[in-house]
Amino acid sequence: MIQAVLCFVLLSPSEAVAQEGAAEQRTGVSLSGGGALSLAHIGVLEALDSAGVKIDCITGCSFGSLVAVLYAEGYSPDDIYRIFKKEKVHRIVSLYRPNCKITSGVVSNKHLKRKLAKYLPHNSFDSLKIKFYCSVTDMDSNCVRYVGSGGHLVEYVIASLSLPGLFPPVKIDDVYYLDGGSQDMMPWKPLVEENCTRRIGAYPILCKPQKVTTTRFLWTRAYNNIFYQTILRGSSQFNELIAIDPGTYGVLSFKRMAELRQYGFSQTLEALKAYEESRKNLSPGAEPAAKDRASEAPKRATAREADAD
């Protein structure tokens, strides 16, 4: 089976404007990774639905791809919340199992594969109700790939979730794949390829420990640095950026799903309102500068420690 994979195709500003002007309004949404903080994406989608935003294409990276693919399958944000509660996503051990093969990761993803297959039984990108792409890292070429058609849907989503060192790589057609977040945490290129003229990116603001006192905080600091570098790299490609402030919660706060969902919902509604207000003050055809809003987000993150509760 032929697998369609998007490559790095960057449009010049003039080409982008020409294509967007020729196409009708299409809306694309990208959900970043962020560990447990990606649970806020449930509220983001809920707010977009309540605001009447019709999503034509959705992309995801890492845990964001898990939320995105279930939405693309036709599950409502409330359905996704109920699925996560039923499958005990707040207990990571309910999705993963310890792995004795140290060379392939600390935990095994076979249990997660069985659970995810229940909700995506067709295992095909082409059978989803909304166009969906996930970003993964091709370990052979060491480049990010955006997969959006063909089979192995469950496997690619799990690969997008597979943080190097912690989870084992996923082998698909003799190629090993891992989390695509090290190169593109909030995939925007597929939205351009799908001619989405309205591109919305959503990501959580991660914590910044003042002092590294344990191995866990060392890991968090390294993850945060990679996270923001990849977010800011493509931020100018979005018309709207929604930066969710999770308060005191961190990348391991899986038990705070209800609170994170509410943060995502309320802050997305505020962001949508602010965006519409800013458009009223601009000349016709102009868009608010998404890049400026994105660059301010990391500065707003308070010096707090990741909550593992």
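By convention here, each chain's residues receive numbers from 1 onward along its written sequence. Note on the predicted model: pLDDT of at least 70 is required for a residue's local features to be given, and 80 or more for side-chain atom pairs to be given and counted; whole-chain, interface and lining totals, by contrast, use all residues. Each side-chain value is derived from all of the structure's non-hydrogen atoms; neither hydrogens nor water enter the calculation.

I'm lost on the pairing of strand 11 (residues 240-244) in this one. Help?
For a regular strand, side chains alternate in direction, first toward one face of the sheet and then toward the other. Within strand 11, five of the five residues are buried, which leaves the element mostly enclosed by the surrounding structure. Only protein chains enter the accessibility calculation, which uses a 1.4 Å probe; a residue is then buried when its area is under 20% of its type maximum, exposed when over 50%, and partly exposed in between. Think of it this way: any DSSP run of H or I at least four residues long counts as a helix, any run of E at least two long counts as a strand, and we number them from the N terminus. Where burial is concerned, the two faces of strand 11 agree: the one with Glu240, Ile242 and Ile244 and the one with Leu241 and Ala243 are both buried. Two strands are counted as paired when DSSP detects at least two bridges linking them. Relative to strand 11, strand 10 (residues 198-204) runs parallel, the two sharing five bridges. When the bridges of strand 11 are listed, Pro204 appears paired with Ile244.

Would you take a moment to explain the environment of Ser182 for this structure?
Following the sequence through the fold, Ser182 ends up in the loop between strand 9 (175-179) and helix 7 (189-193). Considered as a pair, Ser182 and Pro164 are 18 residues apart in the sequence and their alpha carbons are 9.4 Å apart.

Would you mind showing me how to read the pairing of strand 3 (residues 57-60) here?
The alternating pattern of strand 3 places Cys57 and Thr59 and Ile58 and Gly60 on opposite faces, both of which are buried. Here strand 2 (residues 27-31) pairs with strand 3 via four bridges, running parallel. Paired with Gly28 across the two strands is Cys57, which belongs to strand 3. Sheet analysis places strand 3 next to strand 6 (residues 131-138), joined by four bridges and oriented parallel. Residue Thr59 lies in a different strand from strand 6, and its bridge partner there is Tyr133.

Where do I start with the environment of His152 in this structure?
With respect to the helices and strands, His152 occurs in the loop between strand 7 (143-147) and helix 6 (153-161). By relative accessible area, which is 31% here, His152 ends up partly exposed. Every residue pair with non-hydrogen atoms within 4.5 Å of one another is taken to be in contact. Residues contacting His152, with those up to four places away along its chain left out, are Asn123, Phe125, Ile172 and Asp173.

Is there a simple way to think about the environment of Gly64 in this case?
Tracing the backbone shows Gly64 in helix 3 (residues 63-73). Put simply, Gly64 and Cys134 are 70 residues apart on the chain and 8.9 Å apart in space, counted from C-alpha to C-alpha. When residues no more than four places from it in sequence are discounted, the contact partners of Gly64 are Leu31, Ser32, Gly33, Ser38 and His41.

For this particular structure, what's the right way to read unusual backbone geometry?
At Ser62, a position not held by glycine, the phi torsion is positive, near 55 degrees. Within the element layout of this structure, Ser62 appears in the loop between strand 3 and helix 3. You can call Ser62 buried: its relative accessible area is 7%. The phi torsion at Asp174 lies on the positive side, around 70 degrees, for a residue other than glycine. By secondary structure assignment, the location of Asp174 is in the loop between strand 8 (170-172) and strand 9. For Asp174, a relative accessible area of 62% translates into the label exposed.

What should I look at first to understand the packing of helix 4 (residues 77-86) against helix 9 (residues 257-280) in this one?
Two packed helices can be described by the angle between their axes and the distance between those axes. All axes are obtained by fitting lines to C-alpha atoms, using only the stretch in contact for helices, and the reported angles, taken between N-to-C directions, cover 0 to 180 degrees. Where helix 4 meets helix 9, the closest approach of the two axes is 11 Å, and the angle between their N-to-C directions is 160 degrees. With respect to each other, helix 4 and helix 9 are oriented roughly antiparallel. At the point where helix 4 passes helix 9, the crossing takes the right-handed sense. Residues Asp78, Tyr81, Phe84 and Lys85 of helix 4 lie in contact with helix 9, whose contacting residues are Met257, Ala258 and Arg261. The residue inventory of the contact of helix 4 with helix 9, partitioned by class, reads four nonpolar, no polar and three charged. Here is the rule for angles: anything less than 35 degrees is roughly parallel, anything more than 145 is roughly antiparallel, 65 through 115 is roughly perpendicular, and the remaining ranges are oblique. Left-handed describes a crossing whose near helix is turned anticlockwise from the far helix through less than a right angle; right-handed describes the clockwise counterpart. Just so you know the grouping, Ala, Val, Leu, Ile, Met, Phe, Trp, Tyr, Cys and Pro go in nonpolar, Asp, Glu, Lys and Arg go in charged, and all remaining residues, Gly too, go in polar.

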